[in-house]
Amino acid sequence: MLSKYAITAGMRSILLVLSVVAACGGGDDGGSVSGTVHGTGISVGDSISASVTINTNQHAAAIALTSTGDACTEVTNRVTHPSEKVVVITVADYANLTLTTPTAPGMYSIYQGGSPPPKAATLQVTFSDLNCADISSMDSKATTGTVTLSAISGNAFDGSFDVVMDTGDHLKGSFHPSECPQIQSAIDNQGSAASCQP
């Protein structure tokens, strides 16, 4: 049986993987972000989502809003881009030390650790430099707020968020992602290096 700490680590591993390999993106904008992190705005070029499995008892919906386009193709090919901004959201239902992917719309509370609420969410913003390396001093995690799923169709999870980040910044936004089941492959192969391309 999993501990609450293993569950928190599982949701954080989704954030880490998507922030590295979803630093890609194109096509329809897929959502919006209002507000700034460290004074920097985040434009959305594309968004993707999928139901993902971390291990036997950990499943969640993973959503990535990227500042560039063609996100699913880039995740599939493990491509990142310079100066990328990515918002990574996870949502899961929690009961009996098990996380499950949501199957119906609902409101999910941001949590950072300890025992997750019955409807748990995480949100993180990551930034990369001109060499596609993470700028850890710019990265930020939501500390309070909510993520609301308004519609679910297969691997597409539509919704909105209203959160306060650990920087004190307030972000609101929406997401209308394309289905991208290839996110699971990126999680399964998280040790593989991504290619930095202009």
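Residues numbered from 1 in each chain as written. Predicted model: local features only at pLDDT ≥ 70, side-chain atom pairs only at ≥ 80, totals over all residues. Heavy atoms only, no water.

Counting residues in hydrophobic clusters, the biggest one holds 25 residues, and the most contacted among them are Ile 89, Leu 123, Val 125 and Phe 161. Contributions of two or more residues to this core are made by strand 5 (58–66), strand 8 (85–95), strand 10 (106–110), strand 11 (119–127), strand 12 (140–153), strand 13 (156–165) and strand 14 (170–175). In contact with Val 125, not counting residues within four places along its chain, are Val 37, Ile 42, Val 86, Val 87, Asp 139, Ser 140, Met 165 and Leu 171. Within the second largest apolar cluster, 14 residues are counted, among which are Ile 48, Ala 62, Ile 183 and Ala 186. (Core = buried A, V, L, I, M, F, W, Y, C linked by side-chain atoms within 4.5 Å. Buried < 20%, exposed > 50% of the residue type's maximum accessible area, 1.4 Å probe, protein only. Helix = DSSP H or I, 4+ residues; strand = E, 2+ residues; numbered from the N terminus. Contact = heavy atoms within 4.5 Å.)

Right, let's get into the state of the cysteines. Counted under the stated rule, the structure contains two disulfides. Note on cysteine connectivity: Cys 72 is disulfide-linked to Cys 180, with sulfurs 2.1 Å apart. Handedness of the Cys 72-Cys 180 disulfide follows from its S-S torsion of about 85°: it is right-handed. Linking Cys 72 in helix 2 (residues 71–77) with Cys 180 in the loop between strand 15 (178–179) and helix 3 (183–188), this pair joins segments that are 108 residues apart in sequence. With relative accessibility at 17%, the residue Cys 72 sits in the buried group. Residue Cys 180 is classed as buried on the basis of its relative accessible area, which comes to 0%. Each disulfide pairs two cysteine sulfurs, and for Cys 132 the partner residue is Cys 196, the sulfurs being separated by 1.9 Å. (Disulfide = S-S within 2.5 Å.)

The next point concerns the pairing of strand 10. Regular strands place side chains that alternate from one sheet face to the opposite one. Bridging between strand 10 and strand 12 involves four bridges; their strand directions are antiparallel. Within strand 12, the position partnered with Ser 109 by the bridge is Thr 146. Sheet topology note: the strand 10/strand 11 ladder contains two bridges and is parallel. Its bridge partner being in strand 11, Ser 109 is matched across the sheet by Ala 120. (Pairing = 2+ DSSP bridges.)

This brings us to the side chain of Ser 49. Tracing the sequence through the fold places Ser 49 in strand 4 (residues 46–55). Given a relative accessible area of 0%, Ser 49 falls into the buried group. Engagement of the side chain of Ser 49 in a polar contact is seen with the backbone oxygen of Asn 155, the distance being 2.6 Å. Discounting residues that sit within four places of it in the chain, Ser 49 has contacts with Ala 62, Ile 63, Asn 155, Ala 156, Phe 157, Pro 177, Ser 178, Glu 179, Cys 180 and Ile 183. (Polar contact = N/O pair within 3.5 Å; in protein donor to acceptor, adjacent residues only side chain to side chain.)

Right, let's talk about the packing of aromatic side chains for a bit. Taken as a whole and assessed by the stated rule, the structure comprises one aromatic pair. Look at Phe 161 and Phe 175: their rings are 6.5 Å apart centre to centre, the planes differ by 15°, and that puts the pair in the stacked class. With Phe 161 in strand 13 and Phe 175 in strand 14, the pair connects residues that are 14 residues apart, well separated along the chain. Classification of Phe 161 by relative accessible area gives buried; the value is 3%. For Phe 175, a relative accessible area of 0% gives the class buried. (Phe/Tyr/Trp six-rings, centres within 6.5 Å; stacked < 30°, edge-to-face > 60°.)

The next subject is the pairing of strand 8. The element strand 8 is extensively covered by neighbouring structure, given that nine of its eleven residues are classed as buried. In this sheet, strand 8 lies alongside strand 5 in antiparallel orientation, the contact comprising six bridges. Within strand 8, the residue paired with Leu 65 across the bridge is Val 87. One ladder, built from nine bridges, connects strand 8 with strand 11; its direction is antiparallel. In the strand pairing of strand 11, Ala 92 is matched with Ala 120. The pairing of strand 8 with strand 9 (residues 98–100) spans three bridges and is classified as antiparallel. Among the inter-strand pairings, Ala 95 is bridged to a residue of strand 9, identified as Thr 98. In sequence, strand 8 turns back onto strand 9 through a hairpin of two residues, with Asn 96 there showing a positive phi of about 50°.

Turning our attention to unusual backbone geometry. Phi at Asp 70 is positive, roughly 60°, even though this residue is not glycine. According to the relative accessible area criterion, Asp 70 is partly exposed, its value standing at 41%. A positive phi angle, near 55°, is found at Arg 78, a position not held by glycine. Inspection of the secondary structure assignment puts Arg 78 in the loop between helix 2 and strand 7 (79–80). Judged by its relative accessible area of 13%, Arg 78 falls in the buried class.

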